Amino acid sequence: MGPRRTNCGGGWAAAEHPDGNIRWRVVQELGVYMDRPPAVVDLCTARCDDPHPDARTIALYSLATHGADSPALRSVFAAHLTDPHAPARLEAAAGLALRDDPRGDAVLARFTEDAGPASQTGMRLDEIRRRRDHRCLNRP
């Protein structure tokens with residue numbers, strides 16, 4: 001097996017595919033590479049407004065979990081706090097919480113009230129809490 005490719009070349013075209021499931025898959029695969037080409041962040045940011053709810057959710061998740069911090073990115077998260085798709089709202093709130101922005105706290109609190117600890121939502125909330133705690137412990 002050869003070295004892993006980090007240049008996505010012409011693969012960006014699939015991010016505009018008419019099938020939302022394909023757009024979801026592209027963002028899912030690229031989301032962990034936020035520290036590579038700036039085009040990955042741009043692509044994920046654009047997919048936050050995708051009409052396919054799962055593509056929006058994975059874009060928000062990728063940016064929340066792996067993305068850097070910027071006022072523009074926080075604005076994207078804030079705009080999705082009222083997304084009609086609940087998992088997208090959760091990831092928007094996570095993105096703000098993981099950047100110590102309190103605007104998502106009320107949304108996270110509502111999810112916490114409704115989620116069982118073993119549910120997918122409950123596990124994501126636990127991950128968000130652990131990441132926040134870890135960030136607090138590593139501050140100077």
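Residues numbered from 1 in each chain as written. Predicted model: local features only at pLDDT ≥ 70, side-chain atom pairs only at ≥ 80, totals over all residues. Heavy atoms only, no water.

1. Thoughts on the overall build of the protein
And then number 1: If you tally the helices and strands in the protein, you get 7 helices and 0 strands.
And then number 2: Mapped from its N terminus to its C terminus, the protein presents α and β elements in the order α-α-α-α-α-α-α.
And then number 3: In the protein, buried positions account for 39% of the 140 residues.
And then number 4: Within the protein, residue pairs in contact and separated by at least 24 positions form 53% of the contacts whose partners lie at least 6 positions apart.
And then number 5: Working note: accessible area of the protein is about 8100 Å², and carbon and sulfur atoms make up 57% of it. (Helix = DSSP H or I, 4+ residues; strand = E, 2+ residues; numbered from the N terminus. Buried < 20%, exposed > 50% of the residue type's maximum accessible area, 1.4 Å probe, protein only. Contact = heavy atoms within 4.5 Å. Areas by Shrake-Rupley, 256 points an atom, 1.4 Å probe, with all protein chains shown as cover.)

2. Things to note about the side chain of R56
And then number 1: Along the chain, the position of R56 falls in helix α3 (residues 53-66).
And then number 2: Given a relative accessible area of 10%, R56 falls into the buried group.
And then number 3: In this structure the side chain of R56 is engaged in a polar contact, spanning 2.9 Å, whose partner is the backbone oxygen of D50.
And then number 4: Once residues within four sequence positions are removed from consideration, R56 is found in contact with R47, C48, D49, D50, P51, H80, D83, P84 and H85. (Polar contact = N/O pair within 3.5 Å; in protein donor to acceptor, adjacent residues only side chain to side chain.)

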